Amino acid sequence: MKTISKISLIKIPIIILFMISMVASCNKDGEMSDYLTISPTSGQKNTLVTIEGDGINFGLSDTAQVYFNNVEATVISVTESKIIAKVPTRSFTGPVTITIDGKELIAPTFTYLLSDINVSTIAGSTNGIANLNGIDAKFYTPFDIAIDTNGNIFVADSGNNLIRKIAPNGDVTTLAGSTTGFTDGNNGAAQFNSPRGITTDNQGNVYVVDANNHSIRKITPTGNVTTFAGTSGTAGNTDGAANIAKFNSPESITIDSQGNLFVADKGNHRIRKITPAGIVSTFAGSTSGYADGAGTDAKFYNPYGLDIDSSDNIYVADLVNHRIRKITPDAVVTTVAGVGSPTGYLDGEVNIAKFNYPIDLAVDELGNIFVSDLFNHKIRRISPEGMVSTIAGDSFGFNDGLGSEAKFKNLAGLETGKNGVLYIADRGNHKIRKLIIE
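The structure reproduced in this document is the subject of the present report. (Residues numbered from 1 in each chain as written. Predicted model: local features only at pLDDT ≥ 70, side-chain atom pairs only at ≥ 80, totals over all residues. Heavy atoms only, no water.)

Here the focus is the packing of aromatic side chains. This structure, assessed with the given rule, holds six aromatic pairs. A ring pair is formed by tyrosine 357 and phenylalanine 375, whose centres lie 5.2 Å apart and whose planes are at 75°; its orientation type is edge-to-face. Separated by 18 residues along the polypeptide, tyrosine 357 in the loop between β30 (348-349) and β31 (358-363) and phenylalanine 375 in the loop between β32 (369-373) and β33 (378-382) bring together distant segments of the chain. The exposure class of tyrosine 357 is partly exposed, given its relative accessible area of 27%. The ring of phenylalanine 247 has arginine 272 sitting right over it, with the charged end atom 4.9 Å from the ring centre. In this structure, lysine 378 is placed above the aromatic ring of tyrosine 345, and the distance from its NZ or CZ to the ring centre is 4.9 Å. (Phe/Tyr/Trp six-rings, centres within 6.5 Å; stacked < 30°, edge-to-face > 60°. Helix = DSSP H or I, 4+ residues; strand = E, 2+ residues; numbered from the N terminus. Buried < 20%, exposed > 50% of the residue type's maximum accessible area, 1.4 Å probe, protein only. Lys NZ or Arg CZ within 6 Å of the ring centre and 35° of its normal.)

Take a look at the structure:
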């Protein structure tokens, strides 16, 4: 028979107490523990936070993991009475979570204070056409941007009727387009008429909203342009096969995990869906107006910018309603932020915040929504917790710099990149800008 040592007998009640404390620390709904405290409760990236637990012996486990708003932190030390962890970059405001031996404890919320918000110019100078490197290149009212899996940035250079490409080293080239018109073909043989929205798929194809041709165009990685949906030069509102479908001044485009394209059909006040097989349908929206609801019961007023999150929820910059809307994969439309008219500028909770013609948006991997607030000349952020704040922009003009020192002129497209980088199509300044948020 195996004997039990006195030391083992001493450990048993300690382990039992530890397990009871862990169970007691979270209620059945996973709400905040009454046994955990954090200090300090706010700070910038790399702040050292001490987590203490009443009746919890952290030192019994070497598997402790700490997360700030679901972003894993570096654990500096673990003792019986406390854990010290470093706040990770771009974790933003949210609960602190500790995982020990597969069990989760939820501590109070840590308020993340932004320390670095820097705006710079990565490409473009004065208006024109020039394929050069970085700020030596020239664009003419660039309207939207998209990034592929290799880090290439594609620009809908609307005023030049070109699709441009910025390589990771800053070299700017022309992928497709020439003069104003409507022609399919390779590279410079193709023609566009005010290309606006742009997105990419996992195969490296680029999809372009050709606004004044009321069509959706597709560009292969080699630069071959075809018409993916829409009737060339003919505005209308027709669902069906791609070659008979009609759009009315479409503006933006995004793609979901299944390869379906979604188009902000501005003139028809609808969000349209194009399957990979080229079948066009109305996903949400009807006549102009404002209404939440399912599918065609919902109403938009000149929907402009679109983006999609990892769960295939679509976000809409509802321009003339001055609101940010959300569409679930089941086509249920709700309002995320904004009170509509009268327009204005107000940060705060989403149900009181005001926008002034939000023209585009981008969603990052943490669930933050960034908004181009056109006539407020600012980049706004909607946090997952439902707070609207201004992260960059002062007044109409041009200036690189920190946060409120930056200036924009006729903001347009946004796109999120890696490591907390937000890319901006600053069409009035004919530049592509970069905003780093930490």
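Next, the rest of the story.
Counted by the stated rule, this structure contains 17 salt bridges. Between arginine 164 and aspartate 157 there is a salt bridge, with its nearest N and O atoms 2.6 Å apart. Accessibility assignment for this pair places arginine 164 and aspartate 157 in one class, buried. One salt bridge connects arginine 433 with aspartate 426, and the closest N-O pair in it is separated by 2.5 Å. One exposure class covers both arginine 433 and aspartate 426, and it is buried. Three or more residues are tied together by salt bridges with common partners; here these are Lys45, Asp116 and Glu438. (Salt bridge = Lys/Arg side-chain N within 4 Å of Asp/Glu carboxyl O.)

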